[in-house]
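Structural overview
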Amino acid sequence: MRVLIDDHPLDVTIEQEETLSEVLAGVSEFLTANGMILTALSVDNDNLELDSLSEWGSRSITGVNEIRLATQPQWELILTHLHLVGGFIHAWREALASGDSAAVTRLAEEQSDLARHLEEHVGLIFTDLPDGALANLFSVTGDATLMANPPAGKRAVLSEMDQLVPLIEQRIAEIQTPERVVATVAGLITSLIPHVQEVSILLQTGKDSDAMSLVVRFTELTEKLFRTLPHLARAHEGFRERYLDGERVPALISSLNERLHELVDAFGAQDSVLIGDLLEYEIVPRIAELIAVLPGDTGP
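As a starting point, this report considers the structure included with it. The shown structure was predicted, so the numbers you read here are calculated from the model rather than taken from an experiment. (Residues numbered from 1 in each chain as written. Predicted model: local features only at pLDDT ≥ 70, side-chain atom pairs only at ≥ 80, totals over all residues. Heavy atoms only, no water.)

1. Some remarks on the overall build of the protein chain
Cut-off, in case you're wondering: Only DSSP runs of H or I reaching four residues or more are called helices, and only runs of E reaching two or more are called strands; each is numbered from the N terminus. For every residue, the accessible area obtained with a 1.4 Å probe (protein chains only) is divided by the maximum for its type, and the residue is called buried under 20%, exposed over 50%, and partly exposed between those limits. Contact definition: two residues touch when any of their heavy atoms are within 4.5 Å. For the area figures, the Shrake-Rupley method with a 1.4 Å probe applies, and any residue is considered shielded solely by the protein chains shown. We treat Lys and Arg as the positive residues and Asp and Glu as the negative residues; His and chain ends play no part in the count. Every charge is mapped to an atom, namely NZ of Lys, CZ of Arg, CG of Asp or CD of Glu.
Within the protein chain, the secondary structure is distributed over 15 helices and five strands. Its C-alpha atoms put the protein chain at 75 × 55 × 40 Å along the principal axes. Expressed as a percentage of its 300 residues, the buried residues of the protein chain come to 40%. Contacts in the protein chain between residues far apart in sequence, at least 24 positions, make up 72% of those at least 6 positions apart. Accessible surface, the protein chain as shown: approximately 16500 Å² in total, 49% of it carbon and sulfur. Distance from the positive charge centre (20 side chains) to the negative charge centre (48 side chains) of the protein chain: 7 Å.

This is the structure:
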């Protein structure tokens, strides 16, 4: 039996697999590891609906000659999703701001999936949104009447849209212009380092709010850098070799992630000494080392 991914034969050995779903599960691991998403599937020229796994998944592979899979890079799918959600919010905002109820109704009908499930779509993009975030916006989606005349008032919904749109645009920029984003973020992190190294002093002198603001900003920027590095590796051949094939960058990122989790725990325990030690001796040196190995045209 041949298994082809985008017309390229996949060198696999079918041993324990007996059904199509078992074969697909094994291949999916390979796709995920390579940053790909399955978009289409055919078995001996019989196209199967991916959403109907329950109907054909138990089918035996005995007698099957060929399985063909079509894929798409995960980043392309994410970018498409970002544009769809961002475009929907932008169109809704324009219609709502101008009082064009008919345009809101058309939008809700023509893009009913986004209208009904906007919170889920946004949640896929921003997995760490706090509870209750964008509550006025999400409470009216799916109902054209409420979308045109929100109970909380247009101003409240427009305000939440104005918070969400820049976040979506930032995620799009991370994918489309990673070199520029990484350069900007690396510079911001570098400028924060001297202040972050004084967090323990701020805590010891009762300036907890200032310390927390610094750490939150530093952590957010670090997470943004981590999120953008795979896209930088895709766009920059030299960095891709170091990022994917070398050990230094992945090891730094892994180590930094562990230290950042320890930092969160230390804040929860209000351990100012540990917080200071982690930042000064563990996190700051590693983030400085990571920034130092970025390509020259994206460094601080």
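Now that the structure has been shown, we can carry on.
2. Let's talk about the packing of aromatic side chains
Where we set the bar: Two rings from Phe, Tyr or Trp (for Trp, the six-membered ring) form a pair when their centres are within 6.5 Å of each other. A pair whose planes differ by under 30 degrees is stacked, one over 60 is edge-to-face, and the rest are tilted. Here, a charge over a ring is recorded when the distance from Lys NZ or Arg CZ to the ring centre is within 6 Å and its angle to the ring normal is within 35 degrees.
A complete count under the given rule lists one aromatic pair for this structure. For the cation-ring pair, Arg234 lies above Trp75, with the distance from its terminal atom to the ring centre recorded as 3.8 Å.

3. A closer look at empty space enclosed by the protein
For the record, the criterion: A cavity here means a set of 1 Å grid points, computed over protein atoms only, where a 1.4 Å probe fits but cannot escape. A pocket is an open set with protein on both sides within 12 Å along at least 5 of 7 lines, and lining residues have an atom within 4 Å of a point. Grid points are joined across faces, edges and corners, and a volume is the space filled by probe spheres set on the points.
Under the criterion given, the structure shown has one cavity of 30 Å³ or more. Its boundaries defined by the atoms lining it, the largest cavity holds a volume of some 50 Å³. Forming the walls of the largest cavity are Leu20, Val23, Leu24, Val27, Leu41, Val43, Trp56, Ile67 and Leu69. Residue contributions to the lining of the largest cavity peak at four residues, all from helix α1 (residues 20-33).

4. So, helix α14 (residues 248-268)
The condition is simple: To estimate how far a helix should reach, multiply one less than its number of residues by 1.5 Å. In this description, one arc is meant: the one made by directions from the helix axis to the C-beta atoms.
End to end, α14 covers 30 Å across 21 residues, agreeing with the expected 30 Å (1.5 Å per residue, within 8%). Among the residues making up α14, those that are buried are Val249, Leu252, Ile253, Ser255, Leu256, Arg259, Leu260, Leu263, Ala266 and Phe267. The buried residues of α14 all sit within an arc of 170 degrees when viewed along its axis, so they share a single face. Opposite the buried face of α14, by more than 90 degrees, sit the exposed residues His261, Val264, Asp265 and Gly268. A positive backbone phi angle near 55 degrees is found at Gln270, which sits one or two residues after α14.

5. Thoughts on the layout of surface pockets
The line we're drawing: Charged residues are taken to be Asp, Glu, Lys and Arg, nonpolar residues to be Ala, Val, Leu, Ile, Met, Phe, Trp, Tyr, Cys and Pro, and polar residues to be all remaining types, Gly included.
Estimates place the volume of the largest pocket at around 690 Å³. Every residue lining the largest pocket is counted, 25 residues in all, and those nearest its centre are Asp128, Glu220, Leu221, Glu223 and Arg227. Mapped by element, the contributors of at least two residues to the lining of the largest pocket are α9 (154-176), α10 (178-196), α12 (208-235) and α14. By residue number, the principal contributor to the lining of the largest pocket is α12, which donates 10 residues. One number sums up the size of the second largest pocket: a volume of about 480 Å³. Around the second largest pocket, the lining is made up of 18 residues, and of these Trp75, Ile78, Arg227, Pro230 and His231 lie nearest the centre. With five residues, the top contributor of residues to the lining of the second largest pocket is α12. Of the residues assigned to the lining of the second largest pocket, the class counts are 10 nonpolar, three polar and five charged.

6. Quick word on the nonpolar core
How we decide: Nonpolar cores are built from buried Ala, Val, Leu, Ile, Met, Phe, Trp, Tyr and Cys residues. Side-chain atoms within 4.5 Å join them into one set.
Within the largest apolar cluster, 41 residues are counted, with the highest numbers of intra-cluster contacts made by Leu229, Leu263, Ile287 and Leu290. When contributions to this core are tallied by element, the ones reaching two or more residues are α10, α11 (199-204), α12, α13 (237-245), α14 and α15 (272-292). Residue contributions to this core peak at 10 residues, all from α12. Residue contacts for Leu229: discarding those within four places in its chain leaves Val182, Phe239, Tyr243, Ile253, Leu290 and Leu294. Membership of the second largest hydrophobic core comes to 33 residues, among which are Leu118, Val122, Ala148 and Ile168.

7. Notes on the sheet that holds strand β1 (residues 2-5)
Let me state the cut-off plainly: Two strands qualify as a pair provided that DSSP identifies no fewer than 2 bridges between them.
Pairing is mixed across the open sheet formed by five strands, whose spatial order is β2-β1-β5-β3-β4. Of all strands in the sheet, those bounded by a partner on one side alone are β2 (8-9) and β4 (46-48). As paired elements, strand β3 (residues 36-43) and strand β5 (residues 66-73) share seven bridges and run antiparallel to each other. Along β5, the bridge assignment pairs Ile37 with Gln72.

8. Observations regarding helix α4 (residues 101-110)
Burial in α4 covers these residues: Ala103, Val104, Leu107 and Ala108. Each buried residue of α4 lies within a common arc of 135 degrees when the element is viewed along its axis, so the set occupies one face. Residues Glu109 and Glu110 are exposed on α4 and point more than 90 degrees away from its buried face. The secondary structure elements touched by the buried residues of α4 are α3 (74-97), α5 (112-116) and α8 (144-148).

Function cannot be read off these values alone, since they describe shape.
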